[in-house]
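Here is what each chain is made of, one letter per residue.
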Amino acid sequence: MTRPPTILATSGGFTRDARGNSVPAGLARLALRLTGAERPKLCFVPTASGDAVGYVQMIYAAFAGWSVDVSHLSLFPMPNVDDLRKHVLEQDVVWVGGGSVAGLLAMWRLHGLDEVMREAWDAGVVLAGVSAGSICWHAGGTTDSFGPRLRPVTDGLGLLPYGNGVHYDSEAERRPMLHELVAAGTLPTSYATDNGVGLLYQGTDLLGAYAETDGAYAYRVEAAGGHAVETALSAERL
């Protein structure tokens, strides 16, 4: 595998069709294209949802008929594969679902999956995901893992040395809390996404932002003079 270390961190990836079924949207399609594979292998990791069966079924159904080999990696009540490392490293894309990023990080560390993901990143597996599956790759971000009020999480995997904000345009507390955390130095310079936007990183460099919907943006939030300064970043329409 010759791909560079690649992460696609999003607040999107799937949408609903006319019948209400979940289908891959622009960001999930982008993750597949980044592999360069004719028939990519995609592993869905639903740890943040407690390995919700319905979530897993939704992903399999969403890719029905696609030229994609889909698998999933569950940790509850025990791993569903014999060798976590082997399974992850065989993939072209790992897509991490949303839910509790605090729970995800705890379970991954318990099973050594945090180190496996770092190895996969180094090996060129495209690491991607939504919400908790976006924050996890960063130094930290804002989370509702502990209750309805947002709190900081500062123990992300740190593959990316930035903070991360998700659902920036749809959850009112996200923006002010991210500003507060960056201004205080609790989080480093951070990147945030409106719903339907993804951040594409190669190594630790941000290559650009991509949007599934019109009028959606990404943002950079930096500390300056004890305050947070936000800069909107245009997102290429998929």
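The following refers to the structure shown.

The rules behind the values
Residues numbered from 1 in each chain as written. Predicted model: local features only at pLDDT ≥ 70, side-chain atom pairs only at ≥ 80, totals over all residues. Heavy atoms only, no water. Core = buried A, V, L, I, M, F, W, Y, C linked by side-chain atoms within 4.5 Å. Buried < 20%, exposed > 50% of the residue type's maximum accessible area, 1.4 Å probe, protein only. Helix = DSSP H or I, 4+ residues; strand = E, 2+ residues; numbered from the N terminus. Contact = heavy atoms within 4.5 Å. Phe/Tyr/Trp six-rings, centres within 6.5 Å; stacked < 30°, edge-to-face > 60°. Lys NZ or Arg CZ within 6 Å of the ring centre and 35° of its normal.

Moving on: the nonpolar core. Core analysis: the biggest nonpolar cluster contains 43 residues, and Ile-7, Trp-108, Met-117, Leu-127 and Trp-137 have the highest contact counts within it. Membership of the second largest hydrophobic core comes to 20 residues, among which are Ala-28, Ala-31, Val-93 and Leu-200.

Another point: the side chain of His-87. Summarising the element assignment, His-87 is placed in helix H3 (residues 84-89). Dropping the residues within four chain positions of it, His-87 is found in contact with Cys-43, Ser-71, His-72 and Val-81.

For the rest of this paragraph, the subject is the packing of aromatic side chains. Counted by the stated rule, this structure contains nine aromatic pairs. Residues Phe-63 and Trp-66 carry aromatic rings whose centres are separated by 5.7 Å and whose planes lie at 85° to one another, so their mutual orientation is edge-to-face. Taking 6.0 Å as the distance between ring centres and 15° as the angle between the ring planes, the aromatic pair formed by Tyr-162 and Tyr-201 counts as stacked. Highlighted residues: Tyr-162 in the loop between strand E9 (151-153) and strand E10 (163-165) and Tyr-201 in strand E12 (residues 197-202), separated in sequence by 39 residues. By relative accessible area, which is 16% here, Tyr-162 ends up buried. Ring pairing ties together the aromatic residues Phe-14, Phe-63, Trp-66 and Trp-95, which thus form one cluster. Positioned above the aromatic ring of Tyr-219 is the side chain of Arg-175, whose terminal nitrogen or guanidinium carbon lies 5.0 Å from the ring centre.

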